[in-house]
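Chain by chain, the residues run as shown.
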Amino acid sequence: QLAKNWDEFTGAFSLGAAPGLNIAYADSEGNIGSFVYGRIPNRTRRMNSDRILDGSSGRHEYDYLPFSKNPKTYNPESGVIVLANWKPENSEGIDGFWSPSDRFDSITALLETQEKWSAEELKKVQTSTKSKITSSILPRLLNSLKGKNLTEKEQRALTFLENWDKQSTVESIGAMLYHQWNLENKRLLFDELPAEQRFTYCSLNSHWFSYKRLLEQNDSSWWDIKSSSEKIEKRDDVLLLGLQKSIKSLEKEFGQEMASWNWGKAHTIEYIHPLGRVAPLKYLFNLGPYPAPGGYEHINNLSSKGCHKKFKVTSGPSTRRLIDFKTPGFSWGILPLGNSGHLLSPHYKDQQKMYLNNEYRYQLMNTSAIEKSKVSELLLVGKRRSKKAI
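Residues numbered from 1 in each chain as written. Predicted model: local features only at pLDDT ≥ 70, side-chain atom pairs only at ≥ 80, totals over all residues. Heavy atoms only, no water.

Student: Please give an account of the overall build of the chain that cites residues and values.
Tutor: A count of helical and extended segments in the chain gives 13 helices and 10 strands. Viewed in the frame of its principal axes, the chain has a C-alpha envelope of about 85 × 60 × 55 Å. Here the chain holds 390 residues, and 38% of them are scored as buried. If you take every contact in the chain between residues at least 6 apart in sequence, the share linking residues at least 24 apart comes to 57%. Carbon and sulfur atoms make up 52% of the accessible area of the chain, which amounts to about 24,200 Å² in all. Charge-centre separation for the chain: the mean point of 54 positive side chains lies 7 Å from the mean point of 44 negative side chains. (Helix = DSSP H or I, 4+ residues; strand = E, 2+ residues; numbered from the N terminus. Buried < 20%, exposed > 50% of the residue type's maximum accessible area, 1.4 Å probe, protein only. Contact = heavy atoms within 4.5 Å. Areas by Shrake-Rupley, 256 points an atom, 1.4 Å probe, with all protein chains shown as cover. Lys, Arg positive; Asp, Glu negative; His and termini not counted. Charge placed at Lys NZ, Arg CZ, Asp CG, Glu CD.)

Student: Would you mind going over empty space enclosed by the protein in detail, with residue names and values included?
Tutor: Tallied over the full model, the rule gives one cavity of 30 Å³ or more. Considering only enclosed or pocket space, the largest cavity measures out at about 310 Å³ in volume. His-179, Lys-186, Trp-208, Tyr-296 and Phe-311 are the residues nearest the centre of the largest cavity, which is lined by 26 residues in total. The set of elements that each furnish at least two residues to the lining of the largest cavity consists of helix H6 (173–189) and helix H8 (206–214). Top contributing element to the lining of the largest cavity by residue count: H6, with five residues. Taken together, the residues of the lining of the largest cavity sort by class into 10 nonpolar, 12 polar and four charged. (1 Å grid on protein atoms, 1.4 Å probe; cavity = no way out; pocket = protein on both sides within 12 Å on 5 of 7 lines; lining within 4 Å. Points joined across faces, edges and corners; volume = space filled by probe spheres on them. Nonpolar A, V, L, I, M, F, W, Y, C, P; charged D, E, K, R; others polar.)

Student: A description of the side chain of Glu-233 should follow, citing residues and the corresponding values.
Tutor: Assignment of secondary structure puts Glu-233 in the loop between H8 and helix H9 (235–254). A polar contact is formed between the side chain of Glu-233 and the backbone nitrogen of Ile-225, at a distance of 3.1 Å. Leaving out residues up to four positions away in the same chain, Glu-233 has contacts with Trp-223, Asp-224, Ile-225, Ser-228 and Val-238. (Polar contact = N/O pair within 3.5 Å; in protein donor to acceptor, adjacent residues only side chain to side chain.)

Student: Explain the sheet that holds strand E8 (residues 320–322) to me, using residue names and the numbers behind them.
Tutor: Ordered by their spatial adjacency, three strands build an open sheet running E8-E9-E10, and the pairing between neighbours is antiparallel. The two strands at the open ends of the sheet, each matched to only one other strand, are E8 and strand E10 (361–364). Neighbour-to-neighbour, the strand axes of the sheet open up by a mean angle of 35°, direction not taken into account. Relative to E10, strand E9 (residues 330–334) is paired through four bridges, and the arrangement is antiparallel. When the sheet's bridge partners are listed, Gly-333 is paired in E10 with Arg-361. In the packing of helix H3 (residues 119–126) onto the sheet, the strands contacted are E8 and E9, and the crossing angle to E8 comes to about 150°. (Pairing = 2+ DSSP bridges. Axes fitted to C-alpha atoms, helices over the stretch in contact; angles between N-to-C directions.)

Student: I'd like a rundown of a nonpolar patch on the surface, residues and numbers included.
Tutor: On the surface, Leu-275, Val-278, Leu-281 and Leu-284 cluster together to form a nonpolar patch covering roughly 350 Å² of accessible area. Within the secondary structure, Leu-284 is located in helix H11 (residues 282–285). (Patch = residues over 30% accessible without salt bridge, like charges linked within 9 Å, V, L, I, M, F, W, Y side chains within 5 Å. Salt bridge = Lys/Arg side-chain N within 4 Å of Asp/Glu carboxyl O.)

Student: Summarise unusual backbone geometry; cite the residues concerned and give the values.
Tutor: Following Ala-279, the chain continues into Pro-280 via a peptide bond in cis, with omega recorded as 0°. Structurally, the position occupied by Pro-280 is in the loop between strand E6 (268–271) and H11. Here Gly-288 and Pro-289 are connected by a cis peptide whose omega angle stands at 5°. For Pro-289, the position within the fold is in strand E7 (residues 287–291). Even without being glycine, Glu-297 reaches a positive phi, approximately 60°.

Student: So what's going on with the pattern of salt bridges? Residues and values would help.
Tutor: Taken as a whole and judged by the stated rule, the model has 12 salt bridges. Across the pair Glu-371 and Lys-374 runs a salt bridge, and its minimum N-O distance is 3.2 Å. A residue is classified by how much of its surface remains accessible, and Glu-371, at 48% relative accessible area, is partly exposed. One network of salt bridges, with partners in common, ties together Glu-371, Lys-374 and Glu-377.

Student: Explain the sheet that holds strand E5 (residues 72–74) residue by residue, including any values.
Tutor: Sheet strands associate in pairs through backbone hydrogen bonding, adopting either a parallel or an antiparallel arrangement. Reading across from one edge, E1-E2-E5 is the order of the three strands in this open sheet, with antiparallel pairing throughout. Each having just a single partner strand, strand E1 (21–26) and E5 make up the two edges of the open sheet. The sheet shows a mean angle of 15° between the axes of neighbouring strands, direction not considered. Relative to strand E2 (residues 32–37), E1 runs antiparallel, the two sharing six bridges. In the sheet register, Ala-26 faces E2, and the bridge partner there is Ile-32. In this fold helix H1 (residues 6–13) packs onto E1, E2 and E5, with an angle of close to 10° to the strand it touches most, E2.

Student: Run through the packing of aromatic side chains, naming residues and quoting values.
Tutor: To describe a pair of aromatic rings, you give the distance between the ring centres and the angle between the ring planes. Applying the stated criterion across every chain yields a total of 19 aromatic pairs. The interplanar angle of 45° and the centroid separation of 6.4 Å between the aromatic rings of Tyr-271 and Tyr-290 together place this pair among those described as tilted. Residue Tyr-271 is located in strand E6, and its partner Tyr-290 is located in strand E7; the two are separated by 19 residues in the primary sequence. Neither Tyr-271 nor Tyr-290 differs from the other in exposure class; each is buried. The rings of Trp-6, Phe-9, Phe-13, Tyr-25, Phe-35, Tyr-37, Phe-67 and Tyr-74 are connected pair by pair, giving a single aromatic cluster. (Phe/Tyr/Trp six-rings, centres within 6.5 Å; stacked < 30°, edge-to-face > 60°.)

Laid out in structure tokens, this is it:
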């Protein structure tokens, strides 16, 4: 049975328990909604869920909130619902480990610029390589250099950053300098942690929350460099050192000419086939590495993690789709590679270039249109088992 409205739709999800997901809803009558799917633990305030709990005393028993208490939004006044793994609306009193708000803020800011959108305009929103938080972080980094005696190379890097359009495109020199500078800053900032713990922490979203907050604190003890005993460094001292380390690192990796330091050289994606995880099969089955736009917590969330693996993309959108509910059978979509994992299939990588170029393909979800337009057909026929007496 198919759900015909919001109540039937949410009612079906009330039967499930896991995993925790954000579910979005829209229908042909113009209604929109979202809710958190999954059972939410109802623990006492004194219970520390980060530790192993005592299962024998009864003091650490807990139940779950009824599904009716799960955060929900239905036809908000704004006419827009943005999820992006950020804390949902109407979730007061419910704790959770949410992703940073960067993508949520960037999407919201873009959608607030106009009331009506065409599919072509929304394609640019969905593939945007500009993060709203950059407009806060970049001025802080640049201000830290005021009054400093910069070398010619440092001044040239500063000029690229001042003229940067804040877009993380594969051709951008400003994006390369900006992301490398943040990376070096984080390595210096978290130097109190042992190397293994530092690498682990930098792979968590928590490190980004901390970094953004500490950028606003010039005198935080976290900015002091552990290996330096001569003085206690302040934020602006470390940010200058971070820029200097960035220039040295990029020179070593990409050569002396700063004009060749574009983002796509460092920010690359490789698609690993299940059979290509070891040599020599990886040379046959894997695809890439390819230059990739976007970045960590961008709307175009082709993301790398950690402070030691640099900018090799480890995750990204598994699909992009735009659906007009006036004609839901005809929409736009794209996959990272293609819809076949078979090396010899024509659909093994036929969408790869389009995906990384932020392009879309017309997709059909209407049976008659599919039959009319199909160029091939795959039939999966099961083998009949012979009847035998047991």
